[in-house]
Structure formats: structure tokens, C-alpha cells
Amino acid sequence: MKKRWWKEAVIYEIYPRSFKDSNGDGVGDLQGIIQKLDYLQDLGVDVLWLCPVYDSPNDDYGYDIRDYRKIIKEAGSMDDFDELLDGVHKRGMKLIMDLVVNHTSDEHEWFRKSRQSKSNPYRDYYFWKPEKPNNWQSFFGGDAWENDDKTGEWYLHLFTRKQPDLNWENPDVRIDIYKMMRYWLDKGVDGFRMDVISLISKRTDFKDTTYEAFSDVMEHVYANGPRVHAFLQEMNQKVLSQYDIMTVGEAVGVPKDQALLYVGEDRNELHMIFHFEHMHMDAGPGGRFDPIETDFIRFKKIFTEWDKAVSQKGWNSIFLDNHDYPRMVSRFGNDSEYRKESAKLLATMILTMRGTPCIYQGSELGMTNVAYPQFEDYRDVEIKNAKEAWVKAGKDPDELLGYVQKYSRDNARTPMQWNRDKHAGFTDGTPWINVNPNYMEINAESELDDADSVFWFYNRLISLRKKHPVLIYGDFEQTDNDHTQLFAYRRWNEAEEFRVYLNFSDETCDIENLPKNGFEMVMANQLYSESPEEDRLLPWEARIYSKSV
Ligand code: ISL
Ligand code: CA
């Protein structure tokens, strides 16, 4: 197993719009992030993944890029960006950008030219058809083809109609994208998180999909197209291989038996991927607002199977939330009675498993879902489209509101809660989206002042991981696979062994064969560690044991 800095890193995802507003316009910006670099350094993370800050009309809040080489006005200037990058590097941290090249904004110069006429040199930068060729649906509901009145033809958009898909079959598209990537890498950026990179090769026969469930459409129709590996190997050869960087692909629709094609060390494509098998478990055929029951044993199994499928010849990432999913303490923990304990338990999982961990902004505070009382409080285009579709289909929008409160992306996009001042210290103005009312109880200032806080637990876990290479490169084996409350596993190498016990439940949990002879407990949710009852874990109790071999 080759040692690499990006295998040893802990990533922290920043959604700039909701991180810190420095100029009172209610929208987070680059200067705001600069103000918080010491906070991030105190946490102990080393790679910052910056969600898009490129010029955009914000139809999908930056994932619809209008100019790849311009900073969106509300985030600041290119000088601000350079100051941020310098500040990150001065603190020994790294910064990776969000590379969104499956699609652009419809206001991008390439698309404005492409739609002008059928003979425009940019016409084939996108997919145009004289008639709507198939029944493909957008990730955000509705047809994936939009008729454009300029030439009367239809163009493909797997996301919103303002996010036309780029035609990667066209070598000119690839050349322009590689040039843009080098522009950022030559500025000193340390790599990319690649948005929906598994979708860039289209099945250009554009046949109808016969799959019902959206997860099947994602995997078999949109993702893993015939040339996706050719494109990634070319990107690697022409750009990525020339820099000492980290690359992580957002691999929607990639199943574990295809993962090594993307991240195998011999593949020269990507270093790792974010996969979504655990993140889509509770989404029914209709997607996230069509929820189904999930199963804890299956949740554990997904991690064990992905470790087995990838870790010998490639590398995994480990995450439980990001800007597209509900807050992990609300989704996988207990965000009321055991909020702190379950937040620490989930932190223990992502920071002791095998794979590069990714912490989403606010998870280190145990921030929770928000449940706004009305649709008007929500901002996400995915929610707006879902409401329109429900009303059109004559379904009860109040039922949808319940699902939106539980499963929507805006749960992760409420402003960071810095202190107990107005708007949680996120802005002196009016926030673009309401602050979660629980900021008086949950905020960075209170966390920093409390040695027993979630924040300092993350800090100690990150130090533990850095101090013990076995937690990075060691082997992994799940134990008690069929236990309905306990997630237990071992990490080991020739020098050390760690055992982790996580009680994912509101009840106590009996455990057999607690490690003895030579093992000592190195960390636990502080609340319970004073009097750990030898053979029983309390609700949401997490324990880590270790011994030198
Ligand atoms: O939110 C989802 C749809 O239910 C996710 O499946 C998400 O759209 C998918 O994982 C792709 O996400 C990425 O691409 C989107 C953007 O909206 C997301 O924010 C980004 O993470 C289009 O660029
Ligand atoms: Ca601002």
C-alpha cells in the first residue's frame, strides 16, 4: 500500500455561501473564510474542499458555472481568492476546488454561442437534437431535454434547464476544460473534487430508459458511460499527472464492482471517489422525497463491502454528510436526546475507518437539520421543482413539506453557527437563508469554551488518527456483523491493533468479548467514560481501545 499525503489527510468541506459573511450582504464569502482559517487549523483538518465560487447565476448555487476563471461577485475577487489560498498554505493546509465540468450554466459563453445557430462552431459543445430523443428525466425532476426557441432544437440537461450538459465526445470541449484546470493548478490549487464526474460520458444512442427507480437510471443510463474511463485517463495524462495533487470524484451511480475502474492505483484516473450507496439507502424509486425504511445491518455492510472492494488496490473516502444531504447527526444519530453523544459517535466512525475522511462544515459542532415551517423558507431549486411537480400531480404539498424537512439539501445549507450573537454571528445583514434557531445552544464559541464539546472531540480524534498510522493504512475488519445496534470493527498492522465499538441506538447494548489482555481504552464519549460498564455500552456510546502488538 503506497503512502500518499492525500490518504493521510482529513478533508473539511466548505459551502462558502453559508460559511461566513464578511461584508454584511447576508451571503458567505472568501474574506469570511479567511477570518476562520485559524479556527479550521485548531480543528486539525488539512485539506479544505471549497464548493464552487466561480461566476454563476446561482440557479443551483454555483453548480451552474458562467465563467470558470472569474470569482462570483458575492464571494469576492480573485485577489481575495489568492489571499485565501496563501492563508491556507501558510498554515500548512491545502485547498481543493470543486470542478464542475459535466455541465455549465446556460449563461456560459460556450452555450450562448452554441444556441445561436446549428452551424455555430460551439454547437457541438452541448447535445442538441431536432426532436426530444428519449424519456430521460432530470435529477431535479421534469424532462432532461429542453426546447430552445432560437433554433427550435432540444438540448440535454441532467440537472436544471439552466445546466446544459457538455459534450465530452467533442475534443475541443476537453481541450478547453484541461486548459481551465491547468489555470487553477498553476495558481497553486492542490486538486479537485469532481462534480458528477461519473456522468461525463453519455450513451449517445440516447435510447429511452426502461428503468423505474431513479437509482437504477443513475447507475445504468447516466453514469459509467462507454468513454468515461477514456476521458479520465486522458485528463490524467494531460493534466492531473503533472501535479502533486489530490483528486476525488463525486461518483453518483458508481457501484462497488466498478469503483476500482475509477480509483485503482494502476488505472491512472482518480485517487478516490465519494460513493453514495449509504447515502441513497433511504431514497425510494422516486428519489429523496420518496423515502423508504433503512436497515442498520445493511448500512454497516455497505461500508464493509466497499472496503473489501476497493482498499487493496485503490483508496476509499469516508463521509456521512455534505452540502447535498441532511445533517448526519439528524439522519444517522439522535439529534435530540443524545445529540452530543451521537455526534461524537459518528465522528469516531468517520475518523477511524479506512479511507480519507471528509467532514462537512458544522458537523464538528453537532449542527442539526432545521425543519423550516414553510416552503418559502427554503432556497434549493430541487425543492422548488419538487413542489411544482407535486402540485401539478395533485399531491398534497404538506406531505412533501414533511419530507423536505427531513431529507432536503437545505438542512446542510443553514448558516454556520459561530456564536450567540444575532444570526449566530454568520452575518451582520439578513442571511440569504434563515439560521437554525438552535444556534443559542449550538455554536462554535460555546464549543471552543467547553473541553467536553463535539469540536474538541473531533480535534482529539484527528490527532489520534494522525498519531497512529494504523488508523490510516491498517487493515479493517468488521465484527458482530449481524448486531442490530452495534457497529464494531478492528484496525491493525504489524505494530498496533485498534478496536472500535459504536452503539448506534437509544438503548443500552450488551457486548461480548470486550478486548482485554493488553488493550486499553484510549477514547470514549466523555459522558460515559468515567464509569464504563465493562460489558455494556450506554446509548450512543463510542469506545476506542488499542494495544501495541
Ligand atoms: O441532490 C441530489 C439529487 O437528489 C444528489 O443526487 C446530487 O444532485 C448528486 O449527488 C449530484 O450532486 C452534485 O451535482 C449537482 C449539484 O446540484 C450538487 O450540489 C452537486 O454536489 C449538479 O451540479
Ligand atoms: Ca458577503
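What this report covers is the structure whose coordinates are included nearby. (Residues numbered from 1 in each chain as written. Chains lettered and ligands numbered in written order. Predicted model: local features only at pLDDT ≥ 70, side-chain atom pairs only at ≥ 80, totals over all residues. Heavy atoms only, no water.)

### So, the overall build of the protein chain
Point 1. Across its full length, the protein chain holds 18 helices and 22 strands.
Point 2. Taken over C-alpha atoms, the radius of gyration comes to 23 Å for the protein chain, in line with the 24 Å a tight globule of 549 residues would show.
Point 3. Structurally, the protein chain occupies a C-alpha span of about 75 × 50 × 50 Å along its principal axes.
Point 4. Residue pairs at least 24 apart in sequence account for 71% of intrachain contacts in the protein chain once pairs closer than 6 positions are excluded.
Point 5. Total accessible area on the protein chain stands at roughly 20,800 Å², and carbon and sulfur atoms take up 46% of it.
Point 6. Side chains of the protein chain carry 69 positive and 96 negative charges; the gap between the two charge centres is 4 Å. (Helix = DSSP H or I, 4+ residues; strand = E, 2+ residues; numbered from the N terminus. Rg over C-alpha atoms; globule rule 2.2 N^0.38 Å. Contact = heavy atoms within 4.5 Å. Areas by Shrake-Rupley, 256 points an atom, 1.4 Å probe, with all protein chains shown as cover. Lys, Arg positive; Asp, Glu negative; His and termini not counted. Charge placed at Lys NZ, Arg CZ, Asp CG, Glu CD.)

### Quick notes on the sheet that holds strand β5 (residues 94-99)
Point 1. Strands sit in the order β11-β10-β9-β5-β2-β1-β15-β14 across an open sheet of eight strands; the sheet is parallel. The open sheet is flanked by β11 (272-274) and β14 (317-318), the only strands paired with a single partner.
Point 2. Here β14 runs beside strand β15 (residues 356-360); their pairing, made up of two bridges, is parallel. When the bridges of β15 are listed, Ile318 appears paired with Pro357.
Point 3. The strands touched by helix α4 (residues 78-90) are β2 (47-50) and β5; relative to β5, the strand with the most contacts, the crossing angle is about 135 degrees. (Pairing = 2+ DSSP bridges. Axes fitted to C-alpha atoms, helices over the stretch in contact; angles between N-to-C directions.)

### Topic: the sheet that holds strand β7 (residues 145-147)
Point 1. Ordered by their spatial adjacency, three strands build an open sheet running β6-β8-β7, and the pairing between neighbours is antiparallel. What marks the edges here is a single partner per strand, and that holds for β6 (128-129) and β7.
Point 2. In this sheet, strand β8 (residues 154-156) lies alongside β7 in antiparallel orientation, the contact comprising three bridges. Bridge pairing in β8 links Glu146 to Tyr155.

### A few points about the coordination of the calcium ion (ligand 2)
Point 1. Only Asp21 (OD), Asn23 (OD1), Asp25 (OD), Val27 (O) and Asp29 (OD) from the protein coordinate the calcium ion (ligand 2), and they sit 2.2 to 2.4 Å from it.
Point 2. Counting residues between consecutive donors of the calcium ion (ligand 2) along the chain gives the motif D-x1-N-x1-D-x1-V-x1-D.
Point 3. Overall, Val27 belongs to the buried group, its relative accessible area being 8%. (Donors = N, O, S within 2.8 Å, 3.2 Å for Na, K, Ca; no water. Buried < 20%, exposed > 50% of the residue type's maximum accessible area, 1.4 Å probe, protein only.)

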